[in-house]
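# Working through the structure, step by step
One-letter residues, chain by chain:
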Amino acid sequence: MISFVEKGWQAIFEHNGLGSFDALWNLQADWFEPPNQRRGGWSGVSRIVLPSPDGSEETVFLKRQENHTRKTWRHPISREPTFRSEARNLRLLNSRGISAPHMIYYAERKSPKGWQVILATRELKDYLPLDVLIERWYRDDWGKHREQRRKVIPRTAAVLSKLHKLRLAHNAMHAKHLFIQEQTGAACLIDLEKMRARLTRRQAMLRDLDSFNRRTARISRTDRLRFLLCYMGKQSVDDEVRAVWRRLEAMAEHKYAGRR
């Protein structure tokens, strides 16, 4: 993919004087978080509000990177921009109905400094990172947030289950990479540049659930089991659930043992 603009968005960009790559690239906007300086280049995100021709407003996350590349099986020597794989993955999930940010713009070009890439998505309104919610539940009183947890757990499990049914693994399944809508419990995957296909659904499942399990240390054992039951579509614990639970425990113990 070299360039993409979602239907209707070119008019919005032009209405704001941002109808070209140069205009978006040179836009002066505060960084939403400090730019990432690595891989011989940089990558950063800005949050911008764009008035529409009809008088409404759209909030957009504008991601820009320069010479921020990595080796892939497609490009083992020449390397490719990291945003290119993220854009591919966003379009795939957007087309399959799996909750992920809605991509509205992607473009790339070669410059004397290397690849320059722009990726823009619509803001996820009223969403919070799961790690922020977990910290709140832990700080305030775990039992006090029981109803919210019972909304979040099945929706989170459902998103990951749908992903893995396609034999896709997120490959960086941290709680901060799951955004949750507080009122409904709806879950959305973000930071998809490392997402890859696996040979089997089980491989995708174990890769992500192991990572997710180890990076949500404050989640209670009961809620972990509730999550696994929802993920596997089970009403109660059976031999299949026990086997996956034991496998995840063994994987975690192996990782922790390697750090001692």
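Residues numbered from 1 in each chain as written. Predicted model: local features only at pLDDT ≥ 70, side-chain atom pairs only at ≥ 80, totals over all residues. Heavy atoms only, no water.

### With respect to the pattern of salt bridges
This structure, assessed with the given rule, holds 17 salt bridges. With a shortest N-O distance of 2.3 Å, E135 and R218 are connected by a salt bridge. Of the two residues, E135 sits in helix 4 (residues 130-140) while R218 sits in the loop between helix 6 (201-214) and helix 7 (221-232), which places them 83 residues apart along the sequence. What makes R218 partly exposed here is its relative accessible area of 38%. Measuring nitrogen to oxygen at the nearest pair gives 3.1 Å for the salt bridge that ties D210 to R214. (Salt bridge = Lys/Arg side-chain N within 4 Å of Asp/Glu carboxyl O. Helix = DSSP H or I, 4+ residues; strand = E, 2+ residues; numbered from the N terminus. Buried < 20%, exposed > 50% of the residue type's maximum accessible area, 1.4 Å probe, protein only.)

### Notes on the confidence of the model for the protein chain
For the protein chain, per-residue confidence averages 92 on the pLDDT scale, and residues scoring 70 or more make up 94% of the total. Confidence scores differ between elements of the protein chain, with strand 5 (residues 69-70) showing the lowest mean pLDDT of 72 and strand 10 (residues 168-169) the highest of 98. (pLDDT = per-residue confidence, 0-100.)

### Observations regarding the nonpolar core
Ranked by size, the top nonpolar core spans 47 residues in total, and within it L93, L130 and L189 carry the most contacts. When sequence neighbours within four positions are dropped, the list of residues in contact with L130 reads W137, V152, A175, L178, I180 and F212. Residues L18, V60, L62 and A107 belong to the second largest nonpolar core, which totals 16 residues. (Core = buried A, V, L, I, M, F, W, Y, C linked by side-chain atoms within 4.5 Å. Contact = heavy atoms within 4.5 Å.)

### Some remarks on the packing of aromatic side chains
Summed over the entire model, instances satisfying the criterion amount to nine aromatic pairs. Aromatic side chains W25 and W42 sit 5.6 Å apart centroid to centroid with 35 degrees between the ring planes, which places their arrangement in the tilted category. Pair noted here: W25 is in helix 2 (residues 21-25) and W42 is in strand 3 (residues 41-51), with a separation of 17 residues, a long-range link. Counting every residue linked through ring pairs, the aromatic cluster contains F21, W25, W31 and W42. The residue whose ring lies beneath R84 is W115, and the NZ or CZ to ring-centre distance is 5.0 Å. Here R218 stacks its cationic end above the ring of Y138, 3.9 Å away from the centre of that ring. (Phe/Tyr/Trp six-rings, centres within 6.5 Å; stacked < 30°, edge-to-face > 60°. Lys NZ or Arg CZ within 6 Å of the ring centre and 35° of its normal.)

### With respect to a positive patch on the surface
A cluster of like positive charges, contributed by R38, K176, K194, R207 and R215, occupies part of the molecular surface. On the secondary structure map, R207 appears in helix 6. (Patch = residues over 30% accessible without salt bridge, like charges linked within 9 Å, V, L, I, M, F, W, Y side chains within 5 Å. Areas by Shrake-Rupley, 256 points an atom, 1.4 Å probe, with all protein chains shown as cover. Lys, Arg positive; Asp, Glu negative; His and termini not counted. Charge placed at Lys NZ, Arg CZ, Asp CG, Glu CD.)

### Observations regarding helix 6
Taking 1.5 Å per residue, 14 residues should reach 20 Å; helix 6 reaches 20 Å between its end C-alpha atoms and fits that length. The set of residues buried in helix 6 consists of A204, M205, L206, D208, L209, D210, S211, F212 and R214. (Expected span 1.5 Å × (residues − 1).)

### Overview of the packing of helix 5 (residues 146-165) against helix 7
The interhelical angle for the contact between helix 5 and helix 7, taken along N-to-C directions, is 45 degrees, at an axis separation of 8 Å. By the criterion of interaxial angle, the relationship of helix 5 to helix 7 is oblique. Judged by the twist between their axes, the crossing of helix 5 over helix 7 is right-handed. Along the contact surface, helix 5 presents R149, R150, I153, P154, T156, A157, L160, S161 and H164, while helix 7 presents D223, R226, F227, C230 and Y231. In terms of residue class, the contact of helix 5 with helix 7 is made up of seven nonpolar, three polar and four charged. (Axes fitted to C-alpha atoms, helices over the stretch in contact; angles between N-to-C directions. Parallel < 35°, antiparallel > 145°, perpendicular 65-115°, else oblique. Left-handed = near helix turned anticlockwise from the far one by under 90°. Nonpolar A, V, L, I, M, F, W, Y, C, P; charged D, E, K, R; others polar.)

### Comments concerning the environment of F212
Following the sequence through the fold, F212 ends up in helix 6. The class of F212 is buried, set by a relative accessible area of 8%. In this structure, the C-alpha to C-alpha distance between F212 and L248, residues 36 residues apart in sequence, is 10 Å. Those residues in contact with F212 that lie beyond four places of it in its chain are L130, T156, L160, M173, A175, L178 and F227.

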